[in-house]
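What follows is each chain in one-letter form.
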Amino acid sequence: MDLFSCLSPFVFCSFASGSSGNCYYVGRQDEGLLVDVGISARQVKEKLLHQDLSLDNIKAILITHDHIDHVSGLEMLLKNTAIPIYAHPDCLQGLAEGNATKRLDHALFHEIEPAQPFELLGIRIEPFPVMHDGRGAMGYFFDCEGHTLTIATDIGMLDKVVKEQLRRAENLVVEANYDVEMLEHGSYPYILKQRIAGPFGHLSNVESARFLAEIYHPGIKNILLCHLSENNNTPERAMQCFYEQFRKRHVHLDVNTTICPLPRHKSTGFVYL
Ligand SMILES: [Zn+2]
Ligand SMILES: [Zn+2]
């Protein structure tokens, strides 16, 4: 048995995460999907190359919603390449109308809906609705040969559906957008603060940490904190909050569980799920 045969066939790689741009690679080592393209086409290509991949290895692009930090690089990336785009019909409508995305070829658009699973590259994908003020906002649950991952980014609140989708996966990419105090005392206008903290905004460190502490079990392999705010959070604050909530509930992290914030601009390299 060689060393690599014991690694999972299912990999995740964060290319960028946060309000300045989001882009994830999900799939196998030699072919996969992108979830969101909120960074430049040049950056996507560079980061793919770093993993020994090119656009030829990308079989589809899934979009979570039409906010600019999730779609800004899409048009340029697909200028000379035809990669199918999968998103909620409302999100596709948003792309068709958005300034940065309105020149996309509509022939690439594929409508997907919550609770209607589909399969790509032998990976089962289940979209689910999330409460957020982007059009057709969805999260994704993936199952690749029994290895599972839930991506839940840009969520105003943890409703029953999102909780369910986080409970069932052994790898979680979950939003920890803001530190409550930093947002409260920060320089954002009141209306923007209200939006971020509201039910269609973003998830705070403590909301995320409390729930994770509640559902944690040693079978969870990775808890990757995503979409950290540049102005209202720090990786240290987010981690501190998680440790605090876990301690409060007397939850001990298993040695096989990794918990860490995703870097804003740097690639994580392959995480074997
Ligand atoms: Zn958003
Ligand atoms: Zn966002």
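A short tour of the structure in this document, coming up. Not measured: the values here are computed from a predicted model.

Take the overall build of the chain next. Per the secondary structure count, the chain includes 9 helices and 14 strands. Rg of the C-alpha trace for the chain: 18 Å, near the compact-globule value of 19 Å for 273 residues, within the 12% margin. Overall size of the chain, expressed as C-alpha extent along the three principal axes, is 55 × 50 × 35 Å. Across the 273 residues that make up the chain, the buried fraction comes to 56%. Sequence separation of 24 or more characterises 66% of the internal contacts of the chain that already satisfy a separation of 6 or more.

Here the focus is the coordination of the zinc ion (ligand 2). Those donors, Asp-69 (OD), His-70 (NE2), Asp-154 (OD) and His-227 (NE2), are the protein atoms that reach the zinc ion (ligand 2), and they lie 2.1 to 2.2 Å from it. Around the zinc ion (ligand 2) sit 4 donor atoms; with metal-centred angles ranging over 89 to 167 degrees, the donor geometry is irregular. Sequence positions of the donors to the zinc ion (ligand 2) reduce to the motif D-H-x83-D-x72-H. Taken as a pair, the zinc ion (ligand 2) and the zinc ion (ligand 1) show a spacing of 3.4 Å, with Asp-154 coordinating each metal.

Before going further, it helps to spend a moment on the packing of aromatic side chains. Tallied over the entire structure, the rule returns 8 aromatic pairs. With a centroid separation of 6.5 Å and an interplanar angle of 55 degrees, the aromatic rings of Phe-10 and Phe-142 are classed as tilted. Of this pair, Phe-10 sits in the segment before strand 1 (11-16) while Phe-142 sits in strand 9 (residues 138-144), and the two are 132 residues apart along the sequence. Judged by relative accessible area, Phe-10 falls into the buried class, the value being 0%. Overall, the relative accessible area of 0% leaves Phe-142 in the buried class.

This part takes up the side chain of His-202. Mapped onto the elements, His-202 comes out in the loop between helix 7 (190-197) and helix 8 (205-215). Among the polar contacts listed, one links the side chain of His-202 to the side chain of Glu-175, at a separation of 2.7 Å. Look past the residues within four positions of His-202 in its chain and what remains in contact with it is His-132, Asp-154, Ile-155, Gly-156, Glu-175, Asn-177, Tyr-178, Arg-195, Ile-196, Glu-207 and His-227.

What follows is about the environment of Ser-72. As for its position among the elements, Ser-72 is in the loop between helix 2 (68-71) and helix 3 (74-77). For Ser-72, a relative accessible area of 33% puts it in the partly exposed group. Here Ser-72 is in contact with Val-37, Gly-38 and Ile-39, once residues within four sequence places are set aside.

Okay, helix 8 next. Burial analysis of helix 8 places 8 of its 11 residues in the buried class, the great majority of the element. Looking only at helix 8, the buried set comprises Asn-205, Val-206, Ser-208, Ala-209, Phe-211, Leu-212, Ala-213 and Ile-215. Elements that come into contact with the buried residues of helix 8 comprise helix 5 (160-167), strand 11 (171-175), helix 6 (180-185), strand 12 (222-226) and helix 9 (235-248).

Distances from the zinc ion (ligand 1) to its protein donors, His-65 (NE2), His-67 (ND1), His-132 (NE2) and Asp-154 (OD), fall within 2.1 to 2.4 Å. Counting along the primary sequence, the residues that act as donors to the zinc ion (ligand 1) give the motif H-x1-H-x64-H-x21-D.

Moving on, we get to the sheet that holds strand 7 (residues 118-120). If you trace the 7 strands from one edge of the open sheet to the other, you get 7-8-9-10-11-12-13, paired in mixed fashion. In this open sheet, the two edge strands, each paired with only one partner strand, are strand 7 and strand 13 (258-261). Averaged over all pairs of adjacent strands, the angle between their axes in this sheet comes to 20 degrees, without regard to strand direction. This element, helix 9, spans strand 12 and strand 13 of the sheet and lies at about 145 degrees to strand 13.

Before going further, it helps to examine the pairing of strand 11. Counting buried positions along strand 11 yields 5 of 5 residues, so the element is predominantly enclosed. Side chains of strand 11 alternate between two faces, with Asn-171, Val-173 and Glu-175 and Leu-172 and Val-174 buried alike. Since strand 10 (residues 147-152) and strand 11 lie parallel, the crossover through helix 5 that links them has a hand, and here it is right-handed. Of the pairings in the sheet, the one linking strand 11 to strand 12 comprises 5 bridges and is parallel in character. Considered in strand 12, the bridge of Asn-171 is made with Asn-222.

Let us now look at the nonpolar core. Ranked by internal contacts, the top residues of the largest apolar core, which has 32 residues, are Val-162, Leu-166, Leu-212, Ile-223, Leu-225, Phe-242 and Phe-246. When contributions to this core are tallied by element, the ones reaching two or more residues are helix 5, strand 11, helix 8, strand 12 and helix 9. Examining the composition of this core, we find that 6 residues originate from one element, helix 8, more than from any other. Ranked by size, the runner-up nonpolar core spans 31 residues in total, among them Cys-13, Leu-34, Ile-58 and Phe-270.

Conventions adopted
- Sequence order as written defines the numbering, with residues in each chain counted from 1.
- All chains are assigned letters beginning with A, and all ligands numbers beginning with 1, in the order in which they are written.
- For this predicted model, a pLDDT threshold of at least 70 governs which residues receive local features, and a threshold of 80 or more governs which side-chain atom pairs are given and counted, while totals over whole chains, interfaces and linings are taken from all residues.
- To obtain the side-chain values, all non-hydrogen atoms of the structure were used and water was disregarded.
- Put simply, DSSP marks the helices as runs of H or I at least four residues long and the strands as runs of E at least two long, and each gets a number from the N terminus on.
- Radius of gyration here is computed from C-alpha atoms only, and the compact-globule reference equals 2.2 Å multiplied by the residue count raised to the power 0.38.
- Here's how the labels work: a residue is buried when its accessible area is under 20% of the maximum for its type, exposed when over 50%, partly exposed in between, all with a 1.4 Å probe on protein chains only.
- Working rule for contacts: check all heavy atoms of both residues, and any pair within 4.5 Å makes them a contact.
- Listed donors are limited to N, O and S atoms within 2.8 Å of the metal, widened to 3.2 Å for Na, K and Ca; water is not among them, so incomplete-looking sites are possible.
- Working rule for geometry: tetrahedral if four donors all subtend angles between 85 and 135 degrees; square planar for four, octahedral for six, if opposite donors exceed 155 degrees and the others stay between 65 and 115; irregular in every other situation.
- Only Phe, Tyr and Trp rings are paired, with Trp represented by its six-membered ring, and only when their centres lie within 6.5 Å; those with planes under 30 degrees apart are stacked, over 60 edge-to-face, the remainder tilted.
- Within 3.5 Å is the distance limit for a polar contact, defined as a pair of N or O atoms, with the added protein rule that one can donate a hydrogen and the other accept it, and that residues adjacent in sequence qualify only through two side-chain atoms.
- We call two strands paired when DSSP finds no fewer than two bridges between them.
- For helices, the fitted line uses only the C-alpha atoms of the stretch in contact; every axis is such a line through C-alpha atoms, and the angle between N-to-C directions lies from 0 to 180 degrees.
- When the strands point away from the viewer and the connection leading from the first strand across the helix to the second strand turns clockwise, the crossover is called right-handed.
- To define a nonpolar core, start from buried Ala, Val, Leu, Ile, Met, Phe, Trp, Tyr and Cys residues and group those joined through side-chain atoms within 4.5 Å.

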